[in-house]
Amino acid sequence: MDQQGIFLSNVPNNKRARIVNIQGGAGLVRKLQVMGIRKGQEIKIVSKQPFRGPLTIEVCGSQMTLGRGMTRKILVEVI
Amino acid sequence: MGNPNVGKSVVFSRLTGANVIASNYPGTTVDFSKGKMRLDGEHVEIIDAPGTYSLEPTNKAEEVALEMLKEADVVINVVNATNLERNLYSTLELLERDIPVVIALNIWDETQHLGIHIDKKELEKILGVPVVPTVALTGEGIKELVSQIKNAKTNDKIKLTSEEGRWVEIGSIIKKVEQLEHRHHSIKDIISDLTIKPITGLPIAVGIVFFAFWLVRLIGENLIAYVFDPIFYNLYLPLIENLSEWIGGPGLVHTLLIGEYGKEIVFEESLGMLTTGLYVPIAMVMPYIMAFYFMLSILEDTGYMPRLATLVDNIFHKLGMHGHGIVPVFLGLGCNVPGALSTRTLETRKQRFISATLLAIAVPCMAQTAMVFGILGPYGMYYIGLVFLTLAILYIIMGLILNRVVKGESPEIFLEIPPYRRPSFKTTLKKTWMRVRWFLKEAIPFLFLGVVAINLLYYVGFLGWLGDVLSPVMYGLFGLPGDASIAMVVGFLRKDLAVGMLIPLGMSPLQLVVAATMLTVYFPCVATFVVLLRELGIKDMIKSVAIMVSTAAVVGFILRIILLGW
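This section reports on the structure supplied with the text. (Residues numbered from 1 in each chain as written. Chains lettered and ligands numbered in written order. Predicted model: local features only at pLDDT ≥ 70, side-chain atom pairs only at ≥ 80, totals over all residues. Heavy atoms only, no water.)

1. Examining the overall build of chain A
Worth spelling out the cut-off: Helix and strand labels come from DSSP, where a helix needs a run of H or I of at least four residues and a strand needs a run of E of at least two; each type is numbered from the N terminus. Here the globule rule is a power law, 2.2 Å times the number of residues to the power 0.38, and the radius of gyration is based on C-alpha atoms. Working definition: with a 1.4 Å probe on protein chains only, accessible area under 20% of the residue-type maximum means buried, over 50% means exposed, and in between means partly exposed. Note on contacts: a residue pair qualifies if any of its non-hydrogen atoms lie within 4.5 Å across the two residues. The method behind every accessible area is Shrake-Rupley, applied with a 1.4 Å probe, and residues are considered shielded solely by the protein chains displayed. Charged residues are defined here as Lys and Arg on the positive side and Asp and Glu on the negative side; His and the ends of the chain fall outside this count. A charge is said to be at NZ when it belongs to Lys, at CZ for Arg, at CG for Asp and at CD for Glu.
The secondary structure content of chain A amounts to two helices and six strands. Taken against the 2.2 N^0.38 rule, which gives 12 Å for 79 residues, the C-alpha radius of gyration of chain A at 11 Å falls within 12% of a compact globule. Projected onto the principal axes, the alpha-carbon positions of chain A cover approximately 30 × 25 × 25 Å. Counting all 79 residues of chain A, 54% fall into the buried class. Taking all contacts inside chain A whose residues are at least 6 apart in sequence as the whole, residues at least 24 apart take part in 57%. Taken as a whole, chain A presents about 3400 Å² of accessible surface, with 48% of it coming from carbon and sulfur. In chain A, which carries 13 positive and 4 negative side-chain charges, the distance between the mean positions of the two groups comes to 10 Å.

2. Brief notes about the interface of chain B and chain A
Formally: Simply put, the buried area is the total loss of 1.4 Å probe accessible area from both parts when two parts are fitted together. Salt bridge criterion: a side-chain nitrogen from Lys or Arg within 4 Å of a carboxyl oxygen from Asp or Glu. Two strands qualify as a pair provided DSSP detects at least 2 bridges between them.
Each side of the interface is counted separately: chain B has 25 residues, and chain A has 31 residues. The largest per-residue losses of area from chain B upon contact with chain A belong to Trp167, Glu412 and Phe414 of chain B, which jointly make up 25% of the total buried on that side. Viewed at the interface, chain A and chain B are joined by one salt bridge. Mapped by element, the contributors of at least two residues to the side of chain B that touches chain A are α3 (84–96), α7 (163–177), α8 (187–196), α12 (305–318) and β8 (414–417) of chain B. Strand direction decides the pairing type here: strand β5 (residues 62–66) of chain A and β8 of chain B, joined by four bridges, are antiparallel. Looking at the pairing, Leu66 of chain A lines up with Phe414 of chain B of β8 of chain B.

3. Observations concerning a nonpolar patch on the surface
Residue and element names in this part refer to chain B. Short version of the rule: Patch members must show over 30% relative accessible area and no salt bridge, and they are joined within 9 Å when carrying like charges or within 5 Å when they are nonpolar side chains of Val, Leu, Ile, Met, Phe, Trp or Tyr.
A cluster of nonpolar side chains, contributed by Leu252, Leu456, Leu457, Tyr459, Val460, Phe462, Trp465, Val469, Leu470, Val473 and Leu477, occupies part of the molecular surface with about 960 Å² of accessible area. Residue assignment for the nonpolar patch shows that the elements contributing at least two residues are α18 (425–459) and α19 (462–478). Topologically, Leu457 is positioned in helix α18.

4. Details of the sheet that holds strand β6 (residues 131–133) of chain B
The strands making up a sheet are joined through hydrogen bonds of the backbone, oriented either antiparallel or parallel. Residues and elements named next belong to chain B. Defined as follows: Axes here refer to lines fitted to C-alpha atoms; in helices the fit is confined to the stretch in contact. Angles between the N-to-C directions go from 0 to 180 degrees.
Reading across the sheet, the three strands line up as β3-β4-β6 and stay open at both edges, with parallel pairing between neighbours. If you trace the sheet from one side to the other, it starts and ends with β3 (75–80) and β6, each paired once. Going from strand to strand, the sheet's axes swing by 25 degrees on average, the running direction of each strand aside. Sheet topology note: the strand β4 (residues 101–106)/β6 ladder contains three bridges and is parallel. Of the residues in β6, the one forming a bridge with Ile103 is Val131. On the sheet, α3 packs against β3 and β4 and is oriented at approximately 165 degrees with respect to β3. Of the strands in this sheet, β4 and β6 touch helix α5 (residues 120–127), which is tilted by about 155 degrees from β6.

Spelled out as structure tokens, the structure:
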């Protein structure tokens, strides 16, 4: 698996993706990890709010809302 | 202990019989509650800790939880069975510590609908501690949980590892104990999607909020017209009239208890402890508080609030907070005190400061709202709208300014969206009652004291003097009669009472708009003040108060120029 991927924020609605990397400080990585957002995990985009608003994703059977900035630190590949 | 929104508080209330508030969104428990239960003939103390995703705290509520852990003898780890993978992280962290644990596998009933099969025996074997499936809402499995508390164990096999290590371990545990069935999109999923996608979600949100407030007004007005007013006017008024005759003449006692002797008793204006002091909070404000928290409980228990937070995140982010900032606003619309407490769920000092200050400035509590409707209602909706429009604009402008001025970080939204649940009527009523009782406990003493203090200050001539002294300021700057300053002073004690005091001053509707708006903005009531002081600390509170007072002055002045002319 390559480390390229696209930003989570660029994945279209209703698509599934797999997380390939999280580019962020240890704090952010941990914060995301305890919610199940970590490398190798499959996720689905549920909704995107307009004007650079937050994204809602489905992960581990539950839904999470994340700020747009955070989703620009998560690299994924669309599957 | 356990993750947020897994039903810890419900388990707690099942174990102890205590009343605690639970909602279908993370972070309802911001403080801990203690309760007692009998276990094998012994009294043990049980503590309900705020939810934590991990034992490395990221907000104040989580810090509180960690403090609790240090004192605990046994931990009841409440785990969401529908989301085992994520919940096990803090379970493993707990097991690494040297503390006996028993696990409650809660929300067990929903696993069946969701097609999740968990091998409880296997999980017990791997973790080496008792695991009890529970449905706290109905009480299923709670007896078993109680009997297993004494079997709580530590686990010696699980050693302190890295985060990575824990995740690897969770992965292997899940493989062994959990099986997933494929399931179809249910009606709940469809509603969930519709309410969070912006195109459909925003109109629905506007609709829900309008409907909610329409309902509050409808319920509140009917409660007053058919329950509270008949009680006060038909049953209570004759009693008071008798009492007045029995006292028999003017004097301090009559003034304090009933109001000025010889005048007709008017519940809204007489200013006696037993007249205005009781009527305003109980018959004018409480019906709306009841209606409001009933409506809010339904919104909370269904799980709508996090969706609303997602939809409004954009606006709140520009005000230096994030979407969760809507929760203090909503709670504050009932009574500012629970609103102030809920600012704790925001992560940074900056966010809490902005949220708390804006709450005190621009979020009128139900007491104020009811009084604003009371004094301006006769003149028409236009004037009421003017007050609320000013407050809404103020919330946004002050937020934009504070976001620039206040130093510190304001992290982005990061919020779990729980599945929709059907609220149970019984829990909703119970929760409404608990919050109403809360209002009674806080409001009644202050109103009583307020009425006494005002009457005494009047009696000794202090208020008259103050009115005279401030009269040039009031008139010159804000175009208000000097006596309005008395209402401002009273507003420190109770806002509702203060708004009521504006009635006999004979002001024009526009003057009333200016006065009512200023009353809302310039200072929170004493109860809110005390809570804010505790939450923000003395230094930030001084800053916050300075902002409130100067905002009130500026807004009052601007309104005066716009509405009353120079």
